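# Working through the structure, step by step
Here is how the chains run, residue by residue.
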Amino acid sequence: MSGIWWVSEAPCAGDLRFTPNDATADSLRTLVPLLQVCQGCPFRARCISLVQPHRSLFDGICGGRLWINGRIRASCKGARADERKAHAARPINHGTEAGARAHNRRGQTACSLCREAARLAQARRREQKRARGT
Ligand code: SF4
Ligand SMILES: [Zn+2]
């Protein structure tokens, strides 16, 4: 099961046109009408945060933008600048409680390292509380 629950609820779920293989700049430009689908999507920021299109030199539609080689070539109506902040987000520091929170903010289920770190931190706090209480 994917920990990224929203992906299957997104309006583009299962539509491979958004992430074409072997795309050329010209074929990518023909995807602009798909931006209408993103227009009503509540997950634009999460989409950018997940794909990290700038960093991954993404080709296709992501987060209400058409990306060619990781650069924005068109945006859907209503696209907001703050949705893109996520794409500059620092990488998750895995294996930490903060990492687990970062996963959470991005709408992801924490990876096993972060989950374990969060579990241990919680157990530690519980232990400290118990120690104080006795
Ligand atoms: S923003 Fe666009 S590409 Fe991303 S999940 Fe929503 S509909 Fe799909
Ligand atoms: Zn992690």
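Every value quoted in this text rests on a predicted model; they were computed, and no experiment measured them. (Residues numbered from 1 in each chain as written. Chains lettered and ligands numbered in written order. Predicted model: local features only at pLDDT ≥ 70, side-chain atom pairs only at ≥ 80, totals over all residues.)

## Points about the overall build of the protein
As a reminder, the rule being used: Note on conventions: DSSP H or I runs of at least 4 residues are helices, E runs of at least 2 residues are strands, and numbering of each starts at the N terminus. Two residues form a contact once the distance between their C-beta atoms, set from the backbone, is within 7 Å.
The helix and strand tally for the protein stands at 6 helices and 3 strands. Mapped in sequence order, the helices and strands of the protein form the string α-α-α-β-β-β-α-α-α. With the principal axes as the frame, the protein shows a C-alpha extent of 70 × 30 × 25 Å. In the protein, the share of contacts with a sequence separation of at least 24, taken over all contacts with a separation of at least 6, comes to 47%.

## So, the environment of Asp59
Note the cut-off: Whether a residue is buried, exposed or partly exposed follows from its count of other C-beta atoms within 10 Å of its own C-beta, namely 20 or more, 12 or fewer, or something in between, respectively; the C-beta atoms are built from the backbone.
By secondary structure assignment, the location of Asp59 is in the loop between α3 (44-51) and β1 (60-62). Its 22 C-beta neighbours within 10 Å are what place Asp59 among the buried residues. Linking Asp59 and His94, residues 35 residues apart in sequence, is a C-alpha distance of 27 Å. Ignoring any residue separated from it by four or fewer positions in sequence, one finds Asp59 in contact with Ala23, Leu28, Trp67, Ile68 and Asn69.

## Some details on the site of ligand 1
Operational definition: The criterion for a residue being near a molecule or strand is a backbone-placed C-beta atom within 6 Å of that molecule or strand.
Around ligand 1, the surrounding shell holds 14 residues, and the nearest of these are Ala10, Cys12, Cys38, Cys41 and Cys47. For the shell around ligand 1, the secondary-structure elements that each account for two or more residues are α2 (35-39), α3 and β1.

## Points about the domain arrangement of the protein
Stated precisely, the cut-off is as follows: Where each domain starts and ends follows an automatic or database-derived domain assignment. Under the grouping applied here, Gly and all other residues not named as nonpolar or charged are polar, the nonpolar ones being Ala, Val, Leu, Ile, Met, Phe, Trp, Tyr, Cys and Pro and the charged ones Asp, Glu, Lys and Arg.
Along its sequence, the protein is organised into domain 1 (1-89) and domain 2 (90-134). Placing a centre on the C-alpha atoms of domain 1 and another on those of domain 2 gives a separation of 30 Å. With 7 residues of domain 1 at the interface, the matching set in domain 2 holds 5 residues. Residues that form the side of domain 1 that touches domain 2 fall into these classes: 4 nonpolar, 2 polar and 1 charged.

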